[in-house]
Amino acid sequence: MRFLQRFINLEAEEEDGIDINEPVYMQKLEEINTLEQPFLEVSCDDLRSFDDDLYRQLVCYPQEVIPTFDMAVNELFFDRYPNTTLEHQIQVRPYNIEKTKNMRLLNPEDIDQLITISGMVIRNSNLIPEMREAFFSCYVCSNSVTVEIERGRIAEPTLCRNCNTNHSFSLVHNRSHFSDKQLVKLQESPDDMPPGQTPHTVLVFAHGDLVDKVSPGDRVTVTGIYRAAPLRVNPRMRNVKAVYKTYIDVLHFMKADVKRLHEAKADGEERVFSEERVNQLLAVSKQPGIYENLAAALAPSIYENEDIKKGILLQLFGGTRKDLSHAGRGKFRSEMNILLCGDPGTSKSQLLQYVFHLVPRAQYTSGKGSSAVGLTAYVTKDPETRQLVLQTGALVLADNGVCCIDEFDKMNDSTRSVMHEVMEQQTLSIAKAGIICQLNARTSILAAANPVESQWNKNKTIIENIQLPHTLLSRFDLIFLIMDPQDEVYDRRLANHLVALYYRSDAEEEQEHLDMGLLKDYIAYAKTYINPKLSERAGHDLIEAYVEMRKIGSGRGQISAYPRQLESLIRLSEAHARMRLSSVVDIADVEEAKRLHREAMKQSATDPVTGKIDISILTTGMSSASRKRRVELTQALRQLIQKKGKVSSLSKDKIFQEIRNSSDVSVTRLMYDESLRDLQDDDFCVVTDTQVRPTWF
């Protein structure tokens, strides 16, 4: 009681509506009175600094101390606010225990004590009704008795006090009281894992209002009571096993992670910012070089690559989500997909790792280490209920986040085929073991790939260099090539930058870059409150840009843009407007989207023969110029074979030499073989290993 009435924490950071010079918990009680949410979160740090002995008792005997806390808080609250009505009595939720346990270090000494562990939620069960108060009725005289749960057990009454009959009580389910309970599976976070070990999992039970507070993919810190329950050898017998099953009864979930961005809230929920913070964010958005400053704040240790950082920054902001399903037009994708490809040692994986550690609901996988079920979902038998349940994979866990996929080119074809639906429709359709469902996978994909020959070959198209299906490549909004320029001036500047990272002090680094807390709040505020709409001028500008892109190719008989490119431009424009905290997409946003898109296209969709941008490289795997050359070569071959007359067979090598000598452009063996294959498909000739047999006559 004294702790609640007198404790003042002068070292605490200022929170919304909390005056640090006044008793903290009295202000929190006032907040409960206003909001009518009957929960009081008590920081154990505050308790330890006030009374060390009380803190020790709380940690060692939580089952006895926490109900006493509840009584004291309720007494104090209803003395101050006697007319307030709450849905149930105020519950105390302790958190912030000094000694945070690692999952592996939990041992029998911790049973029935208060512990704190951290990890990632990998599975939530359905709601389980748990009996809180049992209603018994005597079948002889219909006398009724209610029994409350105590330490997880209900003591069944044996003697009826009305008619003195032994063992005459039967349980009436309909008149008993139940509360919500949920099983949450928590997996060890990678930072706590010893080298060469697989992650541990622990069972956590959430009760009452803590049910559905966390979802799979969340990284949480759990405060609760470590418990052990005996397992029966046979459900019909009273004998129990010597080995007990352990679990944690949760008292408090904390999702905050200082190093990560704020998590996107569920529909209908909004993150509340103080007026002072909103003014600060609006002031930051009006700074002249805000776009460049935010891009520089991303992965500051990685040298240059400004356009790539700008692309990733726009991916973090994302476009405006549009749901027109009520009008029969479906949903439009707002998340952006980016592919980084290029020479080895150009910090592609470092960029992926940085984004993975920055975004709250991010997953990191590698090409060879991923299977189709690991990315989507797999069916397993629940050990508790023995029923088939669906366990979600990386793409579903990264819903509303970013899925970083390294070594994208080394994925199996069966694994890669899963990506098509996710990258365009943003859903995952599952039909396995009688479970038919469609899961949401509204995730942005950030992938990195290496060329086939390990070094980028400038004489080949991107399809030939990476050998990814063109149907998949066309789904990426931006494809960046990261080249190693082999230039002495560049090498010297890069070496200076790398060496400087090793001897600069932390203070110098902090001065140079934007405050991480500000970046988190800035992106969270923009995603929560800013939903940019296209202005009429910006719409006209986008139409003109698309028509211009189509026109470039039509003059040469090539296709230089598809509707997907227009949608990419719209998403990029919306993300840039959101980055400026503007609710209207302006011409400046469209210009930047066009520049970034052109920069990515210039690198990825340039035909090495003509040196011109040709989008059909990404959509069909072959540039229009090379397709035209192939048709011309096939025609020349057809005429050459027809000139030979009605012969039974011709030498394959001899015809190759003749066609090479008569052609103005160089003809490779591969081009020659492809043209012969086309003639064979037209039933003009039959091709063997060394001979060509004409069949046209």
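Every chain is numbered on its own, with residues counted from 1 as its sequence reads. Since the coordinates come from a predicted model, pLDDT governs what is reported: local features require at least 70, and pairs of side-chain atoms require 80 or more to be given and counted, while whole-chain, interface and lining totals use all residues. Neither water nor hydrogens contribute to the side-chain values; these are computed over all heavy atoms in the structure.

Summing up its helical and strand segments, the protein has 25 helices and 26 strands in all. Between buried and exposed lies partly exposed: a residue is buried under 20% and exposed over 50% of the maximum accessible area for its type, with that area taken using a 1.4 Å probe on protein chains only. For the protein, buried positions account for 45% of its 697 residues. By definition, residues are in contact when any of their heavy atoms lie within 4.5 Å. Considering only residue pairs separated by 6 or more positions, the protein has 67% of its internal contacts joining residues 24 or more positions apart. Where accessible areas are quoted, they stem from the Shrake-Rupley method and a 1.4 Å probe; at the residue level, only the protein chains shown are allowed to cover. Carbon and sulfur atoms make up 48% of the accessible area of the protein, which amounts to about 37,400 Å² in all. The helix count covers DSSP runs of H or I at least four residues long, the strand count covers runs of E at least two residues long, and both are numbered beginning at the N terminus.

Bringing the side chain of K181 into the picture now. Structurally, the position occupied by K181 is in strand β7 (residues 177-188). Of the residues examined, K181 reaches a relative accessible area of 17% and is grouped as buried. Once you skip the residues sitting within four places of it in the chain, K181 turns out to touch N126, L127, I128, E130, F205, A206, H207 and V211.

The working definition used for a salt bridge is a side-chain nitrogen of Lys or Arg within 4 Å of a carboxyl oxygen of Asp or Glu. Tallied over the full model, the rule gives 16 salt bridges. The partner of D589 in a salt bridge is R580, and the shortest N-O contact between them spans 2.8 Å. Looking at R580, the relative accessible area reads 28%, which means it is partly exposed.

A separate point is the packing of helix α4 (residues 52-60) against helix α5 (residues 62-80). Between N-to-C directions, angles span 0 to 180 degrees; the directions come from axes that are lines fitted to C-alpha atoms, helices contributing only their stretch in contact. Between α4 and α5, the least distance of the axes is 6 Å, while the angle of their chain directions is 120°. Comparing their axes, α5 and α4 come out oblique. Contacts between α4 and α5 involve L54, Q57, L58, V59 and C60 from the first element and P62, V65, I66 and F69 from the second. Side-chain classes are defined by residue name, with Ala, Val, Leu, Ile, Met, Phe, Trp, Tyr, Cys and Pro counting as nonpolar, Asp, Glu, Lys and Arg as charged, and the others, Gly among them, as polar. The class makeup of the residues in the contact of α4 with α5 is eight nonpolar, one polar and no charged. When describing relative orientation, an angle under 35 degrees is termed roughly parallel and one over 145 degrees roughly antiparallel, while 65 to 115 degrees is termed roughly perpendicular and anything else oblique.

The next subject is the sheet that holds strand β13 (residues 338-342). In this description, strands pair whenever DSSP reports at least two bridges between them. Pairing within the open sheet is parallel, and its five strands lie in the order β14-β17-β20-β13-β21. Two strands bound the open sheet, and with one partner strand each, they are β14 (362-366) and β21 (478-482). Looking at each pair of strands side by side, their axes are set apart by 15° on average, direction ignored. Pairing of β14 with strand β17 (residues 402-406) involves five bridges; the strand directions are parallel. The residue bridging A362 from the neighbouring strand is V402, located in β17. Together, β13, β20 (444-449) and β21 form the strand contacts of helix α8 (residues 306-317), whose direction differs from that of β21 by roughly 150°.

Nonpolar cores are built from buried Ala, Val, Leu, Ile, Met, Phe, Trp, Tyr and Cys residues. Side-chain atoms within 4.5 Å join them into one set. Counting 55 residues, the largest nonpolar core has L294, I312, L313, F317, L340, L446 and Y522 as its most contacted members. Residues in contact with Y522, not counting those within four places in the same chain, are L281, V284, S285, I290, L294, F317, M579, R580 and L581. Residues V418, M419, L468 and F476 belong to the second largest nonpolar core, which totals 33 residues.

Okay, a negative patch on the surface next. Nonpolar side chains (Val, Leu, Ile, Met, Phe, Trp, Tyr) are joined into patches within 5 Å and like charges within 9 Å, using only residues with over 30% relative accessible area and no salt bridge. Residues scored as positive are Lys and Arg, those scored as negative are Asp and Glu, and His as well as the terminal groups of each chain are ignored. Where a charge sits is defined by one atom per residue type, namely NZ (Lys), CZ (Arg), CG (Asp) or CD (Glu). Judged by side-chain charge, E87, D180, D209 and D212 come together as a negatively charged surface patch. A relative accessible area of 54% places D212 in the exposed class.

What follows deals with helix α24 (residues 652-662). Every buried residue of α24 is accounted for by K652, I655, F656 and I659. Taken around the axis of α24, the buried residues stretch over an arc of 105°, which confines them to a single face. Turned more than 90 degrees away from the buried face of α24, the exposed residues are K654 and N661. The arc in question is formed by the directions pointing from the helix axis toward the C-beta atoms.

The next thing to look at is the packing of aromatic side chains. Note on aromatic pairs: the rings of Phe, Tyr and Trp (six-membered ring only in Trp) are paired at centre separations within 6.5 Å, and the planes decide the class, stacked below 30 degrees, edge-to-face beyond 60, tilted for the rest. Summed over the entire model, instances satisfying the criterion amount to seven aromatic pairs. Seen in terms of ring centroids, F77 and F78 are 5.2 Å apart; in terms of plane orientation they differ by 85°. Their pairing is edge-to-face. Residues F356 and Y364 carry aromatic rings whose centres are separated by 5.8 Å and whose planes lie at 50° to one another, so their mutual orientation is tilted. Look at F356 and you get buried, because its relative accessible area is 12%. One aromatic cluster in this structure is built from F77, F78 and Y81. Either the NZ atom of lysine or the CZ atom of arginine qualifies as a charge over a ring when it sits within 6 Å of the ring centre and within 35 degrees of the ring normal. Over the ring of F39 we find R93; its NZ or CZ atom is 3.9 Å from the centre of that ring.

As a further point, take the pairing of strand β3 (residues 114-124). Where burial is concerned, most of β3 is hidden: 10 out of the 11 residues are buried. By the bridge criterion, seven bridges tie β3 to strand β9 (residues 219-232) in an arrangement that is antiparallel. When the sheet's bridge partners are listed, T116 is paired in β9 with T223. The pairing of β3 with β7 spans five bridges and is antiparallel. By the bridge assignment, N124 is partnered in β7 with V184.

A few words now on empty space enclosed by the protein. Whether a set of points on the 1 Å grid over the protein atoms alone is a cavity depends on a 1.4 Å probe fitting there but being unable to get out, while an open set qualifies as a pocket with protein on both sides within 12 Å along at least five of seven lines; lining residues are those with an atom within 4 Å of a point. Grid points are joined across faces, edges and corners, and a volume is the space filled by probe spheres set on the points. Under the criterion given, the structure shown has three cavities of 30 Å³ or more. Put simply, the second largest cavity is a space of about 50 Å³. Lining the second largest cavity, in full, are R333, S474, R475, F476, D477, R564, Q565, S568, R571 and H597. Of all the elements, helix α20 (residues 563-579) adds the most residues to the lining of the second largest cavity, at four residues. For the lining of the second largest cavity, a count of residues per class yields one nonpolar, four polar and five charged.

Turning our attention to the sheet that holds strand β24 (residues 650-651). Ordered by their spatial adjacency, three strands build an open sheet running β24-β26-β25, and the pairing between neighbours is antiparallel. Each end of this open sheet is capped by a strand with a single partner; those strands are β24 and β25 (685-687). One ladder, built from two bridges, connects β24 with strand β26 (residues 691-694); its direction is antiparallel. When the sheet's bridge partners are listed, L650 is paired in β26 with V692.

Bringing the packing of helix α2 (residues 24-35) against α5 into the picture now. The interhelical angle for the contact between α2 and α5, taken along N-to-C directions, is 65°, at an axis separation of 11 Å. By the angle between their directions, the pair α2 and α5 is classed as roughly perpendicular. Two packed elements cross with a definite hand, and for α2 against α5 that hand is right-handed. When α2 is examined against α5, the residues M26, L29, I32 and N33 are found in contact with a partner set consisting of V73, L76, F77 and R80. Of the residues that constitute the contact of α2 with α5, the class distribution is six nonpolar, one polar and one charged. Left-handed is the label given to a crossing in which the near helix is rotated counterclockwise from the far helix by less than a right angle, and right-handed is the label when the rotation is clockwise.

Now for the environment of L390. Take L390: it is sitting in strand β16 (residues 388-392). With 13 residues separating them along the chain, L390 and A377 place their C-alpha atoms 6.5 Å apart. Beyond its immediate stretch of four places on either side in the chain, L390 contacts A377, Y378, V379, I430, I435, C437 and L439.

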